[in-house]
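Each chain, written out:
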Amino acid sequence: MAMSLKDFVSEHPVDRALVEEHKERMRGEVRAYRLRELRIEAGLTQKQLADRIGVGQRQVSKIENGELDNTKFGTIRSYLAAVGGTVAVEFVQGDTRVQVA
């Protein structure tokens, strides 16, 4: 006899913290992938973009891989300007969103 979904879940509990951590990591990867697409659409290599914004190619690679913890905000702003865009900053608290910059 097949196991019901309820029985399966009771035998295999979900670690919600791990699920949320994975979701956040995936969001970061999607954002980073989109940055790479924007650079390619602008016709730039990582090296060309790095030269335009005054950083090393390795820094551009880190940005595109979602490694933003140690990246200066100005570098991200310069990256986006180099591919033809701007930056918008939002304060988010629950369902409240306020554009800050």
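Our structure's up above, just so we're on the same page.
From a predicted model like this one, the values you see are computed outputs, not experimental measurements.

> What should I look at first to understand helix α3 (residues 46-53) in this one?
Residues of α3 that are buried include every one of Q46, L49, A50 and I53, and no others. All buried residues of α3 lie within an arc of 100 degrees about the axis, which places them on one face of the element. Away from its buried face, by an angle of more than 90 degrees, α3 presents the exposed residues D51 and R52. Taken from the residues just after α3, G54 is the one with a positive phi, measuring 80 degrees.

> It is not clear to me how the nonpolar core should be interpreted in this structure. Could you clarify?
The tendency in soluble globular proteins is for nonpolar side chains to be buried as a group. By size, the foremost hydrophobic cluster in this structure holds eleven residues: L35, L44, L49, A50, I53, V60, I63, Y79, L80, A82 and V83. If you list the elements that add at least two residues to this core, you get α3, α4 (57-64) and α5 (73-82). Setting aside residues no more than four positions away along its own chain, A50 makes contact with V55, G56, Q57 and V60.

> Help me understand the pairing of strand β2 (residues 96-99) in this model?
Two faces belong to every sheet, and in a regular strand the side chains alternate between them. Bridge analysis of strand β1 (residues 90-93) against β2 gives four bridges, and the strand direction is antiparallel. What sits directly across from V92, in β2, is R97. Hairpin connection, β1 to β2: the antiparallel pair is bridged by two residues, and G94 has positive phi, about 60 degrees.

> Would you explain the pattern of salt bridges in this entry?
Oppositely charged side chains may form a pair once their charged atoms are brought near each other. By the definition in use, this model includes five salt bridges. As a salt-bridge pair, R39 and E64 come within 2.5 Å of each other at their nearest N and O atoms. On the criterion of sequence distance, the pair formed by R39 in helix α2 (residues 16-41) and E64 in helix α4 is long-range, its members being 25 residues apart. Judged by relative accessible area, which is 8%, R39 ranks as buried. Here the residues in one salt-bridge network are R34, E37 and E41, joined through shared partners.

> Just checking my understanding: could you explain the packing of α3 against α4 for this structure?
In the contact formed by α3 and α4, the axes pass within 8 Å of each other and the chain directions differ by 110 degrees. Here α3 lies roughly perpendicular to α4, going by the angle between them. Residues Q46, K47, L49, A50 and I53 of α3 lie in contact with α4, whose contacting residues are Q57, V60, S61 and E64. Of the residues in the contact of α3 with α4, the class split is four nonpolar, three polar and two charged.

Rules behind the numbers
Numbering of residues starts from 1 in each chain and follows the order in which that chain's sequence is written. Reporting of local features is limited, given that this is a predicted model, to residues whose pLDDT is at least 70; pairs of side-chain atoms are given and counted only at 80 or more, and all residues count toward the totals for whole chains, interfaces and linings. For the side-chain quantities, the full set of heavy atoms in the structure was used; hydrogens and water were omitted. Note on classification: 1.4 Å probe, protein chains only; a residue is buried when its accessible area is under 20% of the maximum for its type, exposed when over 50%, partly exposed between these limits. What counts as a helix is a DSSP run of H or I of at least four residues, what counts as a strand is a run of E of at least two, and both are numbered from the N terminus. Summarising the geometry, the arc corresponds to the directions from the helix axis toward the C-beta atoms. What is meant by a nonpolar core is a set of buried Ala, Val, Leu, Ile, Met, Phe, Trp, Tyr and Cys residues, joined one to another through side-chain atoms within 4.5 Å. The contact criterion used throughout is that any non-hydrogen atoms of two residues lie within 4.5 Å. Pairing between strands is defined by DSSP: at least two bridges between the two strands are required. Whenever Lys or Arg places a side-chain nitrogen within 4 Å of a carboxyl oxygen from Asp or Glu, that contact is recorded as a salt bridge. Helix axes use the C-alpha atoms of the stretch in contact, all axes being lines fitted to C-alpha atoms, and the angles between their N-to-C directions lie in the range 0 to 180 degrees. When an angle is under 35 degrees it counts as roughly parallel; over 145 it counts as roughly antiparallel; between 65 and 115 it counts as roughly perpendicular; any other value is oblique. Residue polarity is assigned by list, with Asp, Glu, Lys and Arg as charged and Ala, Val, Leu, Ile, Met, Phe, Trp, Tyr, Cys and Pro as nonpolar; anything else, Gly included, falls into the polar class.

As far as function goes, none of this settles anything; it's purely spatial.
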